[in-house]
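Results of the structural survey
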Amino acid sequence: MDPIVVEFEVTCSPEHAFKMWTERAAMWWPRSHSMSQDTAMDVLFEPRVGGRIFERASDGTEFEWGEIAVWEPPNRVDYQWHLFFDRSEATDIQVTFAPTDTGTVVQLRQTGFERLPSDVGMTRRNRTEGAWAEVTRQFREVLAASE
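Basis of the calculations
Residues numbered from 1 in each chain as written. Predicted model: local features only at pLDDT ≥ 70, side-chain atom pairs only at ≥ 80, totals over all residues. Heavy atoms only, no water. Pairing = 2+ DSSP bridges. Helix = DSSP H or I, 4+ residues; strand = E, 2+ residues; numbered from the N terminus. Core = buried A, V, L, I, M, F, W, Y, C linked by side-chain atoms within 4.5 Å. Buried < 20%, exposed > 50% of the residue type's maximum accessible area, 1.4 Å probe, protein only. Contact = heavy atoms within 4.5 Å. Salt bridge = Lys/Arg side-chain N within 4 Å of Asp/Glu carboxyl O. Axes fitted to C-alpha atoms, helices over the stretch in contact; angles between N-to-C directions.

**Topic: the pairing of strand β4 (residues 62-72)**
- As paired strands, strand β3 (residues 52-56) and β4 are joined by five bridges and run antiparallel to one another. Within β4, the position partnered with E55 by the bridge is F63.
- Hairpin remark: β3 followed by β4, antiparallel, with five residues in the connecting loop; positive phi at G60, about 95 degrees.
- Relative to strand β5 (residues 76-81), β4 is paired through six bridges, and the arrangement is antiparallel. Note that in β5 the partner of G66 across the bridge is W81.
- As consecutive antiparallel partners, β4 and β5 are separated by three residues.

**Points about the nonpolar core**
- In this structure, W21, W29, V77, Y79, W81, V95 and W132 are the most contacted members of the largest nonpolar core, which totals 35 residues.
- If you list the elements that add at least two residues to this core, you get β1 (4-10), α1 (14-23), β2 (42-45), β4, β5, β6 (91-99), β7 (104-111) and α2 (118-146).
- If we ignore the near neighbours within four places in the chain, the residues touching V77 are F18, W21, T22, I68, V70, W71, I93, Q94, V95 and F97.

**Considerations on the pattern of salt bridges**
- Applying the stated criterion across every chain, the model contains twelve salt bridges.
- E64 serves as the salt-bridge partner of R52, at 2.8 Å between the closest nitrogen and oxygen. Taken together, the residues span a long stretch of sequence, with R52 in strand β3 and E64 in strand β4 at a distance of twelve residues.
- As a salt-bridge pair, E129 and R125 come within 3.0 Å of each other at their nearest N and O atoms. Here E129 and its partner R125 are both found in helix α2, four residues apart, which amounts to about one turn of the helix.
- The exposure class assigned to R125 is buried, which follows from its relative accessible area of 9%.
- A network of salt bridges, in which partner residues are shared, links E46, R48, R52, R56, E62 and E64.

**Some details on the sheet that holds β2**
- Taken in spatial order, the seven strands line up as β1-β7-β6-β5-β4-β3-β2 in an open sheet, and their pairing is antiparallel. The open sheet has two edge strands with one neighbour each: β1 and β2. Between one strand axis and the next, the sheet turns through 20 degrees on average, direction left out of account.
- As paired strands, β6 and β7 are joined by eight bridges and run antiparallel to one another. Residue pairing across strands places F97 opposite V106, the latter belonging to β7.
- The strands touched by α1 are β1, β2, β4, β5, β6 and β7; relative to β6, the strand with the most contacts, the crossing angle is about 150 degrees.

**What to know about the environment of E134**
- Position of E134 relative to the elements: it lies in helix α2.
- E134 sits in the partly exposed class, given a relative accessible area of 27%.
- Distance from E134 to P30, taken between C-alpha atoms, is 8.1 Å for residues 104 residues apart in sequence.
- Leaving out residues up to four positions away in the same chain, E134 has contacts with P30 and H33.

This is the structure we're talking about:
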């Protein structure tokens, strides 16, 4: 099954883009794509291999989204991703931040849908591809406003 690949360029440094992705995700992550849909939620990346990615609602409730597999600031972060699903159904995400003459190319690549049951994998892949389009659009908008 083909991976999901979303790539775009932003006009800031890889360091700034990486920090916005991993340290300020609550600024741009759509509440409609969260477990709590809490307008005051936080999204946290524990900055290390094995670190959790999770949502913390304003009442303190935590929802696991994934686990960091590669932590190489400011160039790359990989993680197992299971937002909305059981950890046993995790897919793999790699996000890279490559410098250009005018900023940074950000590439998100999600794989592992073929590990899911055949009746689930393609449906989830197609739905997830549309979700990443929305999520990365919001990331780009907030990033542009922060420059």
